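Next come the chains, spelled out residue by residue.
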Amino acid sequence: MRNPFNVKKEEKSESPFYAKKTGSILDVVVDDANNSLWIGTTKTSVNKWELPSVKSTHSISISEKPTVSTPAAIIKGGDGLKSAIVLSDKQHVICTDSAGNGFLYNVLGAKLVKELGKIDVKEEVRARNKQEFIPNWFSADVKTGMLTICLDESDCYSAWVCVKDDLDGNNDNKINYGGLIIQALLQNWVCTGAPNDPTEQECRALYSKQCALPPHTPFALIEGSDGCGRTLFRIRVDETGNPNDSRILDELIPGWVYDLRVKNEMPKFTKIAFYIEPYAEDPPPKSREGRLSANDFLAISKVIEYVGDKILGPQEGPNPVAHEILIFCNKQKLEPHMDLRTVKHTIWKSGSDLRLMYLVS
């Protein structure tokens, strides 16, 4: 329904309509004291329409002009989000609203990072994306006008990354983005009958350090995939420690979440098979001899160390000369910070085993 009519209960005929709306009507509230209607539509604003005195109740065509053309008052609504694009780091999402404004959100922090103003979405995404590949571990949608993040068993734990945990960047911590979020959402939940494991508490402390969600962050358990099933339970992060809510969570938490949160069973790393061989402009066909396998997030800097230690070996003599080891793929020089999966998906671009070459300068 788009247009409000004056309809008397004892009559079946349509009476003159008051105003023509641009959005479908969702709700109408009659204000008898002020002889007006408050009408909410699929647009975000709520309009007040004053009712004129209607003496005639004859039927009229919808094509006739409305009695009222301008609302008497408007409660301005916000501009809902209409698009969401996940950036290459799989931590941030760029959203745009119905007014063309852009917003940068941090998924791991469940917060708005920056209001970008009027933007060209394609240019903004191109400027912020880097040459990196991290597996999709969530989906984003704006069906409700707000950014909603959906986690699914099929890919929630697919994104492993290495982070530096000291100022010198010497120590690598392997973290799982989906695991971070699950631990943060359920940080206050005390599962009935779960063992008091000190190791688990240490892991939770590490995860909370890496991912701190606002206490008022809401989430829901949904039956089905892609967030389209039946909602089983809605709750906020700061409510998960309540005894009654904890008991409900005991019954509804899916096994793949329970295993990580309570048993601290992290998913296995994804492996990538690759070869490392001397550089050649026209390399010969490779054989399975010398085939290696490593975690998909292994940095090229580690491959350089492997070449120096295992292939070239330590230099002998009183005055060893330091050599620079360069790694190539498809004749393109690789940066030390790149990882194997980024090389495979953005440079190698083949389903076959990754082929790397080293050059000593």
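Refer to the structure printed above.
Calculation notes
Residues numbered from 1 in each chain as written. Predicted model: local features only at pLDDT ≥ 70, side-chain atom pairs only at ≥ 80, totals over all residues. Heavy atoms only, no water. Pairing = 2+ DSSP bridges. Helix = DSSP H or I, 4+ residues; strand = E, 2+ residues; numbered from the N terminus. Axes fitted to C-alpha atoms, helices over the stretch in contact; angles between N-to-C directions. Contact = heavy atoms within 4.5 Å. Buried < 20%, exposed > 50% of the residue type's maximum accessible area, 1.4 Å probe, protein only. 1 Å grid on protein atoms, 1.4 Å probe; cavity = no way out; pocket = protein on both sides within 12 Å on 5 of 7 lines; lining within 4 Å. Points joined across faces, edges and corners; volume = space filled by probe spheres on them. Nonpolar A, V, L, I, M, F, W, Y, C, P; charged D, E, K, R; others polar. Salt bridge = Lys/Arg side-chain N within 4 Å of Asp/Glu carboxyl O. Arc of directions from axis to C-beta. Phe/Tyr/Trp six-rings, centres within 6.5 Å; stacked < 30°, edge-to-face > 60°. Lys NZ or Arg CZ within 6 Å of the ring centre and 35° of its normal.

1. Overview of the sheet that holds strand S2 (residues 36–41)
Backbone hydrogen bonds hold the strands of a sheet together, and the pairing may be parallel or antiparallel. Taking strand neighbours across the sheet as the criterion, the four strands line up as S1-S2-S3-S4 in an open arrangement whose pairing is antiparallel. Sheet topology places strand S1 (25–31) and strand S4 (73–75) at the edges, where each strand pairs with a single neighbour. The average undirected angle you get between the axes of adjacent strands in this sheet is 20 degrees. For strand S3 (residues 46–50) and S4, the ladder comprises three bridges, and the chain directions are antiparallel. Within the sheet, the bridge partner assigned to Asn47 lies in S4 and is Ile74.

2. Some details on the pairing of strand S5 (residues 81–86)
Across a regular strand the side chains alternate sides, sitting on one face of the sheet and then on the other. In terms of strand pairing, S5 meets strand S6 (residues 92–97) through five bridges, oriented antiparallel. Bridging across to S6, Ala84 finds its partner in Cys95. Turn length for the S5-S6 hairpin, with the two strands adjacent in sequence and antiparallel, is five residues, and the turn residue Lys90 shows positive phi of about 55 degrees.

3. Examining the environment of Ser98
Looking at the secondary structure, you find Ser98 in the loop between S6 and strand S7 (101–106). The spatial distance from the C-alpha of Ser98 to the C-alpha of Gly145 is 9.3 Å, given a sequence separation of 47 residues. With near-sequence residues (within four places) excluded, Ser98 lies in contact with Asp79, Gly80 and Lys82.

4. A look at the side chain of Asn106
Inspection of the secondary structure assignment puts Asn106 in strand S7. What makes Asn106 buried here is its relative accessible area of 15%. When residues no more than four places from it in sequence are discounted, the contact partners of Asn106 are Gln91, His92, Lys111 and Val113.

5. With respect to the layout of surface pockets
Its boundaries defined by the atoms lining it, the largest pocket holds a volume of some 1500 Å³. Around the largest pocket, the lining is made up of 47 residues, and of these Thr148, Ile149, Pro218, Phe219 and Ala220 lie nearest the centre. Residue assignment for the lining of the largest pocket shows that the elements contributing at least two residues are S7, strand S8 (111–118), strand S10 (148–150), helix H2 (177–185), strand S13 (218–223), strand S14 (230–236) and helix H5 (255–261). The element best represented in the lining of the largest pocket is S13, accounting for six residues. Residue composition of the lining of the largest pocket, by class: 29 nonpolar, ten polar and eight charged.

6. Considerations on the pattern of salt bridges
Considering all chains together, one arrives at twelve salt bridges under this definition. The residue Arg236 makes a salt bridge to Asp238 at a minimum N-O spacing of 3.0 Å. Of the residues examined, Arg236 reaches a relative accessible area of 33% and is grouped as partly exposed. Beyond isolated ion pairs, a larger network of salt bridges with shared partners links Arg236, Asp238 and Glu239.

7. Quick notes on unusual backbone geometry
Phi is positive for Asn35, which is not a glycine, with a value near 50 degrees. Structurally, Asn35 is set in the loop between S1 and S2. Overall, Asn35 belongs to the partly exposed group, its relative accessible area being 41%. Its identity is not glycine, yet Lys331 carries a phi of approximately 65 degrees, on the positive side. Along the polypeptide, Lys331 turns up in the loop between strand S17 (325–329) and strand S18 (332–333).

8. Here we look at helix H4 (residues 243–252)
Looking at H4, one finds that the buried residues are Asp245, Ser246 and Leu249. Across the axial projection of H4, the buried residues extend over an arc of 100 degrees, all falling on one side. Exposed residues lying more than 90 degrees from the buried face of H4 are Pro243, Asn244 and Glu251. Turning to H4, the residues buried within the fold contact S13 and S14.

9. Notes on the packing of aromatic side chains
Applying the stated rule across the entire model yields six aromatic pairs. With a centroid separation of 5.7 Å and 65 degrees between ring planes, the pair formed by Tyr157 and Trp256 is classed as edge-to-face. Here Trp256 lies in helix H5 and Tyr157 lies in the loop between S10 and strand S11 (160–164), a separation of 99 residues in the sequence. Across the pair, exposure class does not vary: Tyr157 and Trp256 are buried alike. An aromatic cluster is present here, built from Trp137, Phe138 and Tyr177 joined pairwise through their rings. Note that Lys90 overlies the ring of Phe133, its terminal NZ or CZ placed 5.6 Å from the centroid.

All we've got here are geometric facts, nothing functional implied.
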